[in-house]
Amino acid sequence: MNRSPSTFFVRTYGCQMNELDTELMVGTLSKRGLTRVYDESEADILIFNTCSIRDLSERKVMGKLGQIGRWTKRKPIIGVTGCMAMAKKESLFKKLPHIDFVLGTNNISDLDYVIDEVIAKNKKMILTEKQFEENLDYFVAERNDKVKAYVSIIRGCNKFCTYCVVPYTRGQEVSRPPEDIVKEVQLLADQGYKEITLLGQNVNSYGKDRPDWSCLFHDLLEKLDQVNGIERIRFMTSHPVDITRNLMQAIRDLPSLCEFIHFPIQAGSNRILKKMHRIYTKEEYFEKVAMLREIVPNATLGTDIIVGFCTETDAEFEETFQAFKEIDYSVAFIFSYSARKGTPAMRWKDDIPEEVKQERLQRLLQLYYKMQAKQFQDLVGTEKEILFEKVGKNGMVKGRTRCWQNTIVPGGEELVGTLQRVKIHGFSNQTLHAELLRQPASLL
């Protein structure tokens, strides 16, 4: 083991919250005087920031760690952080005896201490506290993107969906003080960031754990809309039960708030929704969608769908299929069910054959692609506002509409970080093709 580490490597698996946690860890290690490297064979410290939502993610992590365990020439300090650390805890040391520390999602602020202990005492360390305390220094985050940034507003989840490990890996909901969020967003604006995405396992629950603040999610959005320099505000993820009329009105009324909302239905069958403990019916979900489209007619919706959940019949899948078609989602993340240890659903037999899951998955994906192509075709000839994020290949620059559609136009670095009006003239796959309506002032 290197007693005086000078370099570190971090690999991130999973969601946007994991990406933000990685930015915080990178900032902490950089502040310590270490240099980030992007080749794991050159690092003195290796950190794998993990996800437990999908079985595939866990298998990828275990496979990679197994390979590193066979290294003979180098013995770096190896740490596992994130949701897998919370789910597996001490068992990781038994399966992977060469790793040095396990750090849970609620202990990111202890990274320095844990590394010090590993180096000084040459012993394995584990910290996996169940409850999160809002003590993170978000200002230390070292961000790769210079146009858009993630901002954490609430951690944990109180919903306990039967298929989900998040309440067990990230604990109960803990909101972040609004003044701290506003301060961070103002700092990001001062640094030139144009877009922020507010993160939480359920952002709509923001402030409910702290009634003394008198600041619920829509109140926070009003505060952030007043920050000069931030052009766009997005948020994810939402739980349909907590999506309120006040939030819908905020989307309508606040100029910076984008007209896209992640509104995950998960399934179209009431029996399956109840078995998932989603605590709403399909009818209640559709009522909220109708309310949103009345208040914000131009809003687009995203969803998550799980097919092949325990006992799901062909007829119940058809209900999901028809609901998906009727809602006309613009963005969808569609998965086949896989059982996760530690969840209530593990008590039930995973009784849907894999080939049936895959058939349902492909049917829904094909419907999604067909619907998306129709939506994109309808956009041809229209004008949209694009925030350009990065230069792609073949002289194209990439950005997004307010409603989340990927868009490319001919251009270069001079467009990155700017808002431009474009005209859509075509599309391919999941990307709109456009041309600038006018040249940026910097090019005139």
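Worth saying up front: this structure is predicted, and the values here are computed from it rather than measured. (Residues numbered from 1 in each chain as written. Predicted model: local features only at pLDDT ≥ 70, side-chain atom pairs only at ≥ 80, totals over all residues. Heavy atoms only, no water.)

Draft legend 1. View of the nonpolar core. With 73 residues, the main nonpolar core has Leu198 and Phe324 as its most contacted residues. Of the residues forming this core, the biggest block, six residues, is contributed by helix H13 (residues 354–379). Those residues in contact with Leu198 that sit more than four places away from it in its chain are Val151, Ile153, Val203, Phe217, Leu221, Leu224, Ile233, Arg234, Phe235 and Met236. By size, the runner-up hydrophobic cluster in this structure holds 26 residues, among which are Val118, Met125, Val140 and Val174. (Core = buried A, V, L, I, M, F, W, Y, C linked by side-chain atoms within 4.5 Å. Buried < 20%, exposed > 50% of the residue type's maximum accessible area, 1.4 Å probe, protein only. Helix = DSSP H or I, 4+ residues; strand = E, 2+ residues; numbered from the N terminus. Contact = heavy atoms within 4.5 Å.)

Draft legend 2. How the structure looks around the environment of Leu96. In this structure, Leu96 sits in the loop between helix H4 (91–95) and strand E5 (101–103). Excluding its chain neighbours within four sequence positions, the residues that come into contact with Leu96 are Met62, Leu65 and Gly66.

Draft legend 3. The arrangement of the packing of helix H1 (residues 16–31) against helix H5 (residues 111–121) in detail. Relative orientation of the contacting elements H1 and H5 amounts to 55°, with a least axis distance of 10 Å. By the criterion of interaxial angle, the relationship of H1 to H5 is oblique. Each of Met25, Thr28 and Leu29 in H1 lies in contact with H5, whose residues at this interface are Leu111, Asp112 and Ile115. For the contact of H1 with H5, a count of residues per class yields four nonpolar, one polar and one charged. (Axes fitted to C-alpha atoms, helices over the stretch in contact; angles between N-to-C directions. Parallel < 35°, antiparallel > 145°, perpendicular 65-115°, else oblique. Nonpolar A, V, L, I, M, F, W, Y, C, P; charged D, E, K, R; others polar.)

Draft legend 4. Region of interest: the sheet that holds strand E15 (residues 383–391). Spatial ordering of the closed barrel is given by E15-E16-E17-E19-E18, a layout of five strands whose pairing is mixed. When the angles between neighbouring strand axes are averaged without regard to direction, this sheet yields 55°. Note that E15 and strand E18 (residues 419–428) share five bridges and pair antiparallel. Paired with Leu387 across the strands is Leu419, a residue of E18. Along the sheet, H13 makes contact with E15, E18 and strand E19 (431–436), crossing E18 at roughly 125°. (Pairing = 2+ DSSP bridges.)

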